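# Structural overview for review
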Amino acid sequence: DNNSVLGVTNLFLNLADDKREYCSKHGIQYDNDAIWPSNIIPRRLRVDRGSEFKSRDFDRICNELGIEKQIVPGASGSLKGIVEQSFHQMHAVQKVHLENHGLIEQRYDSRHHQEATLTISQYEKMVINFVHNQQYNEHYPLTRDMIENKIQPVPALLWRYGIEKYGAPRQIMDYTQYCYNLMTPIKAKVSRKGIYYKNLFYYAPEDKNLKCKMFEAGNKKLPFEAR
């Protein structure tokens, strides 16, 4: 599998996740949906020059979802400073908790492989707590209008201010179609024996009209698509 494409599709699927249900899996509870908005499609994405963002699959996803892609020039981290600063702050906060428990240090005698004690689930819970949208960000550059309207530099409040000023983002109206747009097209053959892909046949015993159904799967040019 192309890990770059999987990373991008997982990013988009995360936008559609029910965040309260997502957090509850890690023992984190909240009642107000305004704390972590979800089920949205962005109008514009600003990305770096990573291979996953310059791929044809990413271009296809953006075109099908109606998203404008903006690639920043190379070695220009300042053009996405909020993201870069967030990474820096997250690492600084985690360093105290991860020391002697798997903290990766840039030194020849680093023993992070032997000291690591956190599971992936525990680390994910730590990241969720860090990105909690109720945190006060004293370094956020407030505009004059924000100051006059007494907008606090809290992500959830800034999001609500942006919606009131610039309009709400698009909602994901059809989740099935949304997931279909994220699927990577593949070539397969359909015959009376079923769907032939990678030297294997796939068929549904209860479906007597399998061939017709697969051709009616959508407005794609390929007879069958899957991720």
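The notes below deal with the structure included here.

Parameters and conventions
Residues numbered from 1 in each chain as written. Predicted model: local features only at pLDDT ≥ 70, side-chain atom pairs only at ≥ 80, totals over all residues. Heavy atoms only, no water. Pairing = 2+ DSSP bridges. Helix = DSSP H or I, 4+ residues; strand = E, 2+ residues; numbered from the N terminus. Axes fitted to C-alpha atoms, helices over the stretch in contact; angles between N-to-C directions. Buried < 20%, exposed > 50% of the residue type's maximum accessible area, 1.4 Å probe, protein only. Parallel < 35°, antiparallel > 145°, perpendicular 65-115°, else oblique. Left-handed = near helix turned anticlockwise from the far one by under 90°. Contact = heavy atoms within 4.5 Å. Nonpolar A, V, L, I, M, F, W, Y, C, P; charged D, E, K, R; others polar. Core = buried A, V, L, I, M, F, W, Y, C linked by side-chain atoms within 4.5 Å. Phe/Tyr/Trp six-rings, centres within 6.5 Å; stacked < 30°, edge-to-face > 60°.

### Re the sheet that holds strand β7 (residues 200–202)
The 3 strands lie next to each other as β5-β6-β7, forming an open sheet whose pairing is antiparallel. With partners counted over all chains shown, the strands left at the sheet margins are β5 (189–191) and β7, one partner each. Recorded for the sheet is a direction-independent mean angle of 30 degrees between the axes of neighbouring strands. Alignment of strand β6 (residues 194–197) against β7, held across 3 bridges, turns out to be antiparallel. Following the sheet pairing, Y197 is matched in β7 by L200.

### Some thoughts on helix α3 (residues 56–65)
By the burial criterion, the buried members of α3 are F58, R60, I61, C62 and L65. Among the residues trailing α3, G66 stands out with phi positive, at a value near 70 degrees.

### Comments concerning the packing of helix α4 (residues 81–98) against helix α6 (residues 120–130)
One way to put it is that α4 packs onto α6 with a least axis distance of 11 Å and a crossing angle of 130 degrees. Classified by the angle between their axes, α4 and α6 sit oblique to one another. Between α4 and α6 the crossing geometry is right-handed. Of α6, the residues touching α4 (which contributes S86, Q89, M90, V93, Q94, H97 and L98) are Y123, M126, V127 and F130. Taken together, the residues of the contact of α4 with α6 sort by class into 7 nonpolar, 4 polar and no charged.

### Focus: the nonpolar core
In globular proteins that are soluble, nonpolar side chains generally tend to be buried together. Core analysis: the biggest nonpolar cluster contains 17 residues, and F12, F58, L65, I67, Y178 and L182 have the highest contact counts within it. Looking at this core, the elements that each hand over two or more residues are α1 (3–16), β2 (44–47), α3 and α9 (175–182). With near-sequence residues (within four places) excluded, L65 lies in contact with F12, I41, R170, Y178, N181 and L182. Formed by 6 residues, the second largest nonpolar core is a distinct cluster that contains Y22, C23, I35 and I128.

### A look at the packing of aromatic side chains
By convention here, two paired aromatic rings are described through the distance between centres and the angle between planes. According to the stated counting rule, one finds 3 aromatic pairs in the structure shown. Their ring planes at 70 degrees and their centres at 5.4 Å tell us that F53 and F58 sit as a pair that is edge-to-face. In this structure, F53 and F58 share a single accessibility class: buried. Ring geometry for Y196 versus F201: centroids 4.8 Å apart, planes at 50 degrees, classification tilted. The exposure class assigned to Y196 is partly exposed, which follows from its relative accessible area of 29%. Its relative accessible area of 40% is what places F201 among the partly exposed residues.

### Concerning the side chain of H26
Turning to its location among the elements, H26 is positioned in the loop between α2 (19–24) and β1 (40–41). If we ignore the near neighbours within four places in the chain, the residues touching H26 are S121, E124, K125 and I128.

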